[in-house]
Amino acid sequence: MKPIQVGLLGIGTVGSGTFEVLKRNQEEIQRRAGRGIEVTMVADLDVARAKSIVGANVQVVDDARQVIANPDIDIVIELIGGYGIAKQLVLEAIEAGKHVVTANKALLAVHGTEIFAAAHQKGVMVAFEAAVAGGIPIIKALREGLTANRIQWLAGIINGTTNFILSEMRDKGLAFGDVLKQAQALGYAEADPTFDIEGVDAAHKATIMSAIAFGVPVQFDKAYVEGITKLESQDIKYAEQLGYRIKLLGISKRTAAGIELRVHPCLVPAKRLIANVEGAMNAVMVQADAVGTTLYYGKGAGSEPTASAVIADLVDITRLHTADPLNRVPHLAFQPDAMSNLPILPMAQVVTSYYLRLRVADQAGVLAKVTGILASADISIDAVLQREAGEGESHTDLIILTHDCVEAQMNQAIAEMQQLSTVLAPITRIRKEELN
Ligand code: HSE
């Protein structure tokens, strides 16, 4: 049978990895797919560079629409990124009857509903394994491997740049800004690392996983997003003394009232496997009723790890493109007419536990006032640590771990504690998840 023909839009790091791995493993991939898979056309603004990667046998153009218009192309891979031209091209490719493979988490988290509806109407597939956690097959696991289960929650380290920064801050006691510069020099963080360090990239990925886990529409606009820019290395140290590590987690949880969807720094017990995921690696924990806890670990970015996910999608499409569209795996795991309308909960309604650090005057009665405010807000204390005041110091740090409470209650208690004249600086609050 004639190989399935693939057109590539954008041949940067992931595109060149995809081309290379497809070529290197073509025999093995063909044995799995039942048919050859060939990139026959590439669109990239830098035509000379693209030609130097793919050689003379692949047609290279500078206009993506020529790829979409080519009737011989069966699958279009979109590796341009962003919500702008990439969105238009994906919709045009669908309209032209092409299957689409994309690594574009931003696009799917924000415009997924429109894109999946267009694909459903046209009877084509939009595959996006590479959009979440790079080479880890987490989409496949959530959508197919765990299909028997009622998923209860998932929590993931899904941004390698921030995990690298947090690992270095902990290992070397460095400040956030210094490690960020190092991450940029090593090529982990983008020149403009805002999406990484502010948690937006992780929130795009958490939004997609949440939709697949619970059968709700992608709703990035409802996600709570907090990055790591305000984290101080002293909190990492205090957390460690209490038996915890701080990680930037993407969390989505099913509760009776709705779905939690949030990204923020989080204390995680140091004994959990996920707390020991270091450097730029990614990991996702999933808790489901039948299987229990499962953990997926691997490289969340990079040329060939991400290409591995892109090619898995190409193989899936190659196997299934002649199947009746109604018998394919639904884009978001659940049948489009069986999606749930459970709301995404506002952060104020989320229930979790907390780490608080208060810079307080070293005077009699301070601890009693602070704990009194927590008690009257019905917030139960789990542990307290007080740094011994240094020689000549008139202040100290009070670290409090709480049991679970509603975020709105904690906001109110923090506001009250902040009013105390003996609380000398803004209170640091970091959420805590036991993940058990
Ligand atoms: N910038 C992302 C990260 C990689 O640092 O994990 C691609 O999603």
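Throughout what follows, the structure given in this document is the object of discussion.

What counts, and at which threshold
- Residues numbered from 1 in each chain as written.
- Predicted model: local features only at pLDDT ≥ 70, side-chain atom pairs only at ≥ 80, totals over all residues.
- Heavy atoms only, no water.
- Helix = DSSP H or I, 4+ residues; strand = E, 2+ residues; numbered from the N terminus.
- Rg over C-alpha atoms; globule rule 2.2 N^0.38 Å.
- Buried < 20%, exposed > 50% of the residue type's maximum accessible area, 1.4 Å probe, protein only.
- Contact = heavy atoms within 4.5 Å.
- Areas by Shrake-Rupley, 256 points an atom, 1.4 Å probe, with all protein chains shown as cover.
- Lys, Arg positive; Asp, Glu negative; His and termini not counted.
- Charge placed at Lys NZ, Arg CZ, Asp CG, Glu CD.
- Arc of directions from axis to C-beta.
- Pairing = 2+ DSSP bridges.
- Polar contact = N/O pair within 3.5 Å; in protein donor to acceptor, adjacent residues only side chain to side chain.

**Here we look at the overall build of the chain**
Helices and strands together make up the secondary structure of the chain, namely 15 helices and 17 strands. Relative to the 2.2 N^0.38 estimate, which gives 22 Å for 436 residues, the radius of gyration of the chain is 24 Å and therefore close to what a compact globule would have. Summarising its shape, the C-alpha atoms of the chain cover approximately 80 × 45 × 35 Å along the three principal directions. Taken across its 436 residues, the chain has 54% of its residues classed as buried. Of the contacts made within the chain by residues no fewer than 6 positions apart, 73% connect residues no fewer than 24 positions apart. For the chain, the computed accessible surface area is about 18400 Å², with 51% contributed by carbon and sulfur atoms. Positive and negative side-chain charges in the chain, numbering 40 and 49 respectively, have mean positions lying 3 Å apart.

**Section: helix H14 (residues 366-376)**
Looking only at H14, the buried set comprises Val366, Val370, Ile373 and Leu374. Projected down its long axis, H14 carries its buried residues within an arc of 100°, all on one side. Among the exposed residues of H14, those pointing more than 90 degrees away from its buried face are Ala368, Ala375 and Ser376. Looking one or two residues past H14, aspartate 378 carries a phi angle of roughly 65°, positive in sign.

**A short note on the sheet that holds strand S1 (residues 4-9)**
The strand order S3-S2-S1-S4-S5-S6 describes an open sheet built from six strands, whose pairing is parallel. A single partner strand is all that each edge strand has here, and the edge strands are strand S3 (59-61) and strand S6 (126-127). Bridge count between S1 and strand S4 (residues 75-78): four bridges; the pairing is parallel. If you follow leucine 8 over to S4, its bridge partner there is isoleucine 77.

**Topic: the side chain of histidine 264**
On the secondary structure map, histidine 264 appears in strand S10 (residues 259-269). Taking the relative accessible area as the measure of exposure, histidine 264 reaches 0% and is therefore buried. Only 2.9 Å separates the side chain of histidine 264 from the side chain of arginine 262, close enough to count as a polar contact. Ignoring sequence-local partners within four residues, the contact set of histidine 264 consists of Tyr224, Glu226, Lys247, Leu248, Leu249, Ile251, Met347 and Arg431.

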